[in-house]
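Each chain is listed here by its residues.
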Number of protein chains: 2
Amino acid sequence: MSLIVQKFGGSSVSDADGIKRVAQRIMDTRAQGHSVVVVVSAMGDTTDDLLDLAGQLTSDAPAREMDMLLSSGERISMALLAMAIDAIGGKAVSFTGSQAGMVTDAVHGKARIIEVSPERVRKALDRDHVAIVAGFQGMSKEGRNVTTMGRGGSDTTAVALAAALNADVCEIYTDVDGVYTADPRIVPSAKKIDEISSEEMLEMAASGAKILHLRCVEYARRFGVPLHVRSSFSTNEGTWVLPSPDDKIKIQEGEPLEQPIISGVAHDRSEAKVTIVGVPDIPGKAADIFGVIAGANSNIDMIVQNVSTAGSGKTDISFTLPIVEGKDALAALRENQERIGFEGVEYNEQIGKLSLIGAGMRSNPGVSYRFFEALSAAGVNVDMISTSEIRISIVTDADKLDAAVKAVHTAFDLDSDAAATVYGGTGR
Amino acid sequence: MSLIVQKFGGSSVSDADGIKRVAQRIMDTRAQGHSVVVVVSAMGDTTDDLLDLAGQLTSDAPAREMDMLLSSGERISMALLAMAIDAIGGKAVSFTGSQAGMVTDAVHGKARIIEVSPERVRKALDRDHVAIVAGFQGMSKEGRNVTTMGRGGSDTTAVALAAALNADVCEIYTDVDGVYTADPRIVPSAKKIDEISSEEMLEMAASGAKILHLRCVEYARRFGVPLHVRSSFSTNEGTWVLPSPDDKIKIQEGEPLEQPIISGVAHDRSEAKVTIVGVPDIPGKAADIFGVIAGANSNIDMIVQNVSTAGSGKTDISFTLPIVEGKDALAALRENQERIGFEGVEYNEQIGKLSLIGAGMRSNPGVSYRFFEALSAAGVNVDMISTSEIRISIVTDADKLDAAVKAVHTAFDLDSDAAATVYGGTGR
């Protein structure tokens, strides 16, 4: 018997039929002898409807009240789910974030968990009940106000509960089968990944794979929580995201497999590129610029500083940031242009980022060669490059991105039946 | 400067425009220098929509989860109202029932308030904020679960807060101008009552006047809270419901007025009449019967026991109860028919109750005479009679009820301009 945390998103509980299906799924897990904690998001369009109502009143709602408003969505779905479980003979009890002991900081709209004290959840499990917990919300330690955690909040709630309860697995239910080697809408031959390390999944999420939020994977990795991303519409195994290679051995109960070189190809269209032209090439100017951006609360991703043109004493600095943060960042830069002394700013939203991720590339020196060769053969220009130990990312023109993804996916044999046999000898 | 508690029902906040209007109303009160605590119900159809969703899942939802579900409605309206106040330059903060210190017993769906500890509300007032509190909900002392208070719950929240905060007045906003001498849909010449004692209002509410819930008036009377029932669509004075005659003096700041004999005529179509035929006329049988009814959780209103027919040793007992409780009561009676030994049960939903209410009738012996004379002249049969010190009620056929209300209203000069001059010399 295991303790399983199951997280169901808004699309899984968008109407009464969806809620009934989820209730049945939970009871099927119970019937296998497991204890179950469920984390649930707001029903389908609830959050959008509430935002729309707020928008009719003000364009600048107080953050505390916005959290009070939005957190009502999960209360509705969790209570309905408890009723649906009761209706098919199960026993369930629902808890708000506050009742479940999700203590956060006081940053409304993007609160971070600082403590999880799920005493009431534990008691419910002891009484043989399914515990249903509202995702996405908590209570601030100071002030005891309702907080919400922003994007990916319900996944994070699930992982945090799994960690606090020492659950055997945290199942994230979605409308797809799992994590794929590339976005199947771009690469129809992309394959479901059976297992991936949380380190690799972290790079995938950071590189634009949308199935799991970065924050959730970070949390799972830090606390050693195995994730199982799977479909709420089938009982097929999905993708296991495993904190350490040892877990793979434990879970497969068979021969430890060697690591494939490459896990997958991720892409991201949500970033823009900013180029600061004619920056005086003297120490401190880059720090100045990035200080201004940080002050505008923008998150910089890739950075390239061009080599100073001989004798000019000037250089260009390019970086990428989320498109939604572009406006504020540009305004902040222009405000400081005179003081810093650069010549101008260029801004381009028509870019795409491609990332190749795989722990196996650590010990496979040929990966970069094969990667750039594939891009070149496909006629893809490379505008920026950044790498980590287990990732290579490039920026190209937005209209070249699909071709780039396909070319790289094919170059690493991810879309052939042979994919399963391509392992690197990592010796781990 | 006063402390005013204002309660707005669901129809006042049914959409963004309604919420804006209420926000403006609150800020107008603030502009007059008053501190304001607002109690708000769920928006328009929210509760019905949530009940409908629950109904699609189960016909027998666990009461705890139903409370969790329904209590979300007020969270939405209160957060939106706080945003609307902020949008017009005010400062407001919203509180759930739990945050506002509404501690109740654990009877989900009809919880009773056992303690009000509005520390956070007080602090918000100290910081010069409008405090917005979710009506209808609290938190159980044992178990710390969300509870709801059933019908009239938001009014009760408002009065309880007004009592705990020692507010100067509790304003109940509705879609009508105040309490009328009779239902204006039946008696178009009915007049708005400017002032009524809470004792009389209690009898009005118990007799079917729907504008204020019995429980709210009881609470206001017990804790000496002046109520002001008024329209959310105008700034006209409504009806003051005053806990003691002294308050009238205080509020009018003029000559204490003598009490009019009659406050108004209330009617009720929601009851049914049950007649138990052929009850053995021996001690203990009536207790037996009412014990059975109480066991079925029915609330008996009027009771008439006929005089035993000479020599038969049998009698009939009639009583009224809410139609919604009729089925269960009949089933319980039939189950016990053999044991108790009565001959049969008759059941009639085609009845109407009319009540004449007025503190002045205490010292006016002519009231009963004028009352029954008016009914007789209008051809209204009288089936049952019950009285209190300040009320006479009768039951008649449902199709005679309107005529009866009109006749009595006219007989006591309530629909003429002379009404204002009809005072009894009560000497109070």
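All values reported here derive from a predicted model rather than from experimental measurement.

Thresholds, definitions, all that
- Here the residue index of a chain counts from 1 through its sequence in written order.
- Here the convention is simple: chains get letters from A, ligands get numbers from 1, in the order in which they are written.
- Only residues with pLDDT of 70 or above have their local features reported here, since the model is predicted, and side-chain atom pairs are shown and tallied only from 80 upward, although totals for entire chains, interfaces and linings are computed over all residues.
- Only hydrogens and water are set aside when side-chain values are computed; all heavy atoms of the structure are taken into account.
- Segments assigned H or I by DSSP are reported as helices when at least four residues long, segments assigned E as strands when at least two residues long, and all are numbered from the N terminus.
- Atoms counted for the radius of gyration: C-alpha only. Globule rule: 2.2 Å times residue count to the power 0.38.
- The classification of residues rests on relative accessible area computed with a 1.4 Å probe and restricted to protein chains. Under 20% of the type maximum is buried, over 50% is exposed, and intermediate values are partly exposed.
- We call two residues contacting when some pair of their heavy atoms lies within 4.5 Å.
- Per-residue accessibility takes into account occlusion by the displayed protein chains alone, with areas from the Shrake-Rupley method and a 1.4 Å probe.
- For the purpose of counting charges, residues Lys and Arg are taken to be positive, whereas Asp and Glu are taken to be negative. His and the chain ends are not included.
- For charged residues, the charge sits on one atom: NZ in Lys, CZ in Arg, CG in Asp, CD in Glu.
- What counts as buried area is the accessible surface, traced by a 1.4 Å probe, that two parts surrender upon association, with contributions from both included.
- When a carboxyl oxygen of Asp or Glu is within 4 Å of a side-chain nitrogen of Lys or Arg, the pair counts as a salt bridge.
- Polar contact criterion, stated in full: a pair of N or O atoms within 3.5 Å, where within protein one must be able to donate a hydrogen and the other to accept it, and residues adjacent in sequence count only if both atoms are side-chain atoms.
- Note on residue classes: Ala, Val, Leu, Ile, Met, Phe, Trp, Tyr, Cys and Pro are nonpolar, Asp, Glu, Lys and Arg are charged, and everything else, Gly too, is polar.
- The axes are straight lines fitted to the C-alpha atoms, using for helices just the contacting stretch, and the angles between their N-to-C directions are given from 0 to 180°.
- For this classification, under 35 degrees means roughly parallel, over 145 means roughly antiparallel, 65 to 115 means roughly perpendicular, and everything else is oblique.
- Here is the rule for handedness: rotate from the far helix to the near one, and if that takes an anticlockwise turn smaller than a right angle the crossing is left-handed, while a clockwise turn gives right-handed.
- All copies are superposed by least squares; the fitting set is the C-alpha atoms of residues with a pLDDT of at least 70 in both.
- One requirement defines pairing of two strands: DSSP has to find at least two bridges between them.
- As used here, the arc is the angular range of directions from the helix axis to the C-beta atoms.
- UniProt positions are given in the numbering used here, feature names are shortened, and annotations may be inferred rather than shown by experiment.
- The predictor attaches a confidence to each residue, and that confidence, scored 0 to 100, is pLDDT.

1. Notes on the overall build of chain A
1) Next: When helices and strands are counted, chain A shows 14 helices and 20 strands.
2) Next: Relative to a compact globule of 428 residues, whose C-alpha radius of gyration would be 22 Å, chain A shows 23 Å and is just as compact.
3) Next: Classification of the 428 residues of chain A by burial places 56% in the buried group.
4) Next: In chain A, once contacts between residues fewer than 6 apart in sequence are set aside, the share between residues at least 24 apart is 74%.
5) Next: In the form shown here, chain A has an accessible surface area of approximately 18000 Å², with 48% of it arising from carbon and sulfur atoms.
6) Next: For chain A, the centre of its 41 positive side-chain charges and the centre of its 58 negative side-chain charges are spaced 4 Å apart.

2. Quick word on the interface of chain A and chain B
1) Next: Chain A puts 41 residues into the contact, and the matching count from chain B is 41 residues.
2) Next: When the buried area of chain A at its contact with chain B is split by residue, Leu57(A), Arg75(A) and Met83(A) rank highest and sum to 23% of it.
3) Next: Our count for the contact surface shared by chain A and chain B stands at 0 salt bridges.
4) Next: Scanning the region where chain A abuts chain B turns up 16 residue pairs in polar contact (both at pLDDT 80 or more).
5) Next: Mapped by element, the contributors of at least two residues to the side of chain A that touches chain B are α1 (16-31), α2 (46-57), α3 (63-70), α4 (72-87) and β3 (92-95) of chain A.
6) Next: Ranked by residues supplied to the side of chain A that touches chain B, first place goes to α4(A) with 11 residues.
7) Next: For the side of chain A that touches chain B, the residue count by class is 24 nonpolar, 9 polar and 8 charged.

3. Digging into helix α14 (residues 401-411) of chain B
1) Next: Residues of α14(B) that are buried include every one of Leu401(B), Ala404(B), Val405(B), Ala407(B), Val408(B) and His409(B), and no others.
2) Next: Of the surrounding elements, those touching the buried residues of α14(B) are β13 (264-268), β18 (351-357), α13 (367-377) and β20 (391-397) of chain B.

4. Brief notes about the packing of α2(A) against α3(A)
Residue and element names in this part refer to chain A.
1) Next: Between α2 and α3, whose axes approach to 10 Å, the crossing angle comes to 140°. When the interaxial angle is binned, α2 and α3 end up oblique. By crossing handedness, the relation of α2 to α3 is classed as right-handed. Across the interface between the two elements, Thr 47, Leu 50, Leu 51 and Ala 54 from α2 touch Met 66, Leu 69 and Leu 70 from α3.

5. Concerning the relation of the copies chain A and chain B
1) Next: Overlaying chain A on chain B yields an RMSD of 0.2 Å, the required transformation being a rotation through 180° with an accompanying axial translation of 0.1 Å. Read as a symmetry element, the transformation amounts to a two-fold axis. Using C-alpha coordinates, one finds that chain A approaches the rotation axis most closely at Ser72(A), a distance of 2.7 Å.
2) Next: Counting the interface residues of chain A, we find that 100% of their copies in chain B are interface residues as well, pointing to one common contact surface.

6. Thoughts on the sheet that holds strand β7 (residues 137-140) of chain B
All names here are of chain B.
1) Next: Strand order in this open sheet of 4 strands is β5-β4-β7-β8, and the pairing throughout is mixed. The open sheet terminates on both sides in strands that have one partner only, identified here as β5 (113-116) and β8 (146-148). Strand after strand, the sheet turns through a mean of 45° between neighbouring axes, direction not considered.
2) Next: Sheet topology note: the strand β4 (residues 102-104)/β7 ladder contains 2 bridges and is parallel. For Thr 104, the partnering residue across the bridge sits in β7 and is Ser 140.
3) Next: Across the face of the sheet, helix α6 (residues 153-164) comes into contact with β4, β5 and β7 while running at roughly 40° to β5.

7. Structural notes on the side chain of His108(A)
Residues and elements named next belong to chain A.
1) Next: Along the polypeptide, His 108 turns up in the loop between β4 (102-104) and β5 (113-116).
2) Next: For His 108, the side chain forms a polar contact with the side chain of Asp 67, separated by 2.9 Å.
3) Next: Separated by 3.3 Å, the side chain of His 108 and the backbone oxygen of Val 146 make a polar contact.
4) Next: What His 108 contacts, discounting residues up to four positions off in sequence, is Ala 63, Arg 64, Asp 67, Asn 145, Val 146 and Thr 147.

8. Here we look at helix α5 (residues 119-126) of chain B
1) Next: Three or more residues of α5(B) are buried, namely Arg120(B), Val121(B), Ala124(B) and Leu125(B). When α5(B) is viewed along its axis, its buried side chains cluster within an angular range of 140° and face the same direction. Seen from the buried face of α5(B), the exposed residues on the opposite side, beyond 90 degrees, are Lys123(B) and Asp126(B).
2) Next: Where α5(B) is buried, its residues contact α3 of chain A together with β1 (3-8), β2 (35-40), β3 (92-95) and β6 (130-134) of chain B.
3) Next: Count one or two residues on from α5(B) and you reach Asp128(B), which has phi positive near 70°.

9. Description of unusual backbone geometry
1) Next: Here the phi dihedral of Arg144(A) falls at roughly 45°; this positive angle occurs in a residue that is not glycine.
2) Next: With respect to the element layout, Arg144(A) can be found in the loop between β7 (137-140) and β8 (146-148).

10. Things to note about the UniProt feature "binding site: ATP" (unreviewed entry) in chain A
All names here are of chain A.
1) Next: According to UniProt, the feature "binding site: ATP" (unreviewed entry) maps to Lys 7, Phe 8, Gly 9, Gly 10, Thr 174, Asp 175, Tyr 180 and Arg 185 in the numbering used here. A maximum C-alpha distance of 24.7 Å shows the annotated residues, which cover 179 residues in sequence, to be distributed over more than one spot.
2) Next: Within the secondary structure layout, Thr 174 lies in strand β9 (residues 169-174).
3) Next: What makes Thr 174 buried here is its relative accessible area of 13%.
4) Next: Only 3.0 Å separates the side chain of Thr 174 from the backbone oxygen of Val 176, close enough to count as a polar contact.
5) Next: Those residues in contact with Tyr 180 that lie beyond four places of it in its chain are Ala 190, Lys 191, Lys 192, Ile 193 and Met 204.

11. Quick notes on the confidence of the model for chain A
Residue and element names in this part refer to chain A.
1) Next: The share of residues in chain A with pLDDT of 70 or more is 93%, and the mean pLDDT across the chain is 89.
2) Next: Low confidence marks residues 248-257, where pLDDT is under 50. Its contacts with residues over four positions away, or in another chain, come to 11 contacts.
3) Next: Segment residues 418-428: pLDDT under 50, and 23 contacts once partners within four positions in sequence are set aside and those in other chains are kept.
4) Next: For this predicted complex, the interface confidence comes out at an ipTM of 0.80, alongside a pTM of 0.82.

12. Overview of the pairing of strand β19 (residues 384-388) of chain A
All names here are of chain A.
1) Next: In this sheet, strand β20 (residues 391-397) lies alongside β19 in antiparallel orientation, the contact comprising 5 bridges. Pairing of Met 384 across the sheet is with Val 395, part of β20.
2) Next: As consecutive antiparallel partners, β19 and β20 are separated by 2 residues.

13. Concerning the sheet that holds β4(A)
Residues and elements named next belong to chain A.
1) Next: Strand order across the open sheet formed by 4 strands is β5-β4-β7-β8, with mixed pairing between neighbours. Edge positions in the sheet fall to β5 and β8, since each of these pairs with one other strand and no more. Each adjacent strand pair in this sheet contributes to an overall mean axis angle of 45°, direction not counted.
2) Next: As defined by bridge partners, β4 adjoins β5 across 3 bridges and the pair is classed as antiparallel. In the sheet register, Thr 104 faces β5, and the bridge partner there is Ile 113.
3) Next: Its contacts with the sheet put helix α6 (residues 153-164) on β4, β5 and β7, and the angle it makes with β5 is roughly 40°.

14. What about the pattern of salt bridges?
All names here are of chain B.
1) Next: Taken as a whole and judged by the stated rule, the model has 25 salt bridges over all chains.
2) Next: Close ionic contact of Arg 230 with Glu 171 constitutes a salt bridge, the shortest N to O distance being 3.1 Å. With a gap of 59 residues between them, Arg 230 in strand β11 (residues 227-231) and Glu 171 in strand β9 (residues 169-174) connect regions that are remote in the sequence.
3) Next: Its salt-bridge partner being Asp 301, residue Lys 353 comes within 2.6 Å of it at the nearest N-O pair. With a gap of 52 residues between them, Lys 353 in strand β18 and Asp 301 in the loop between α10 (285-295) and β15 (303-305) connect regions that are remote in the sequence.
4) Next: By relative accessible area, which is 35% here, Asp 301 ends up partly exposed.

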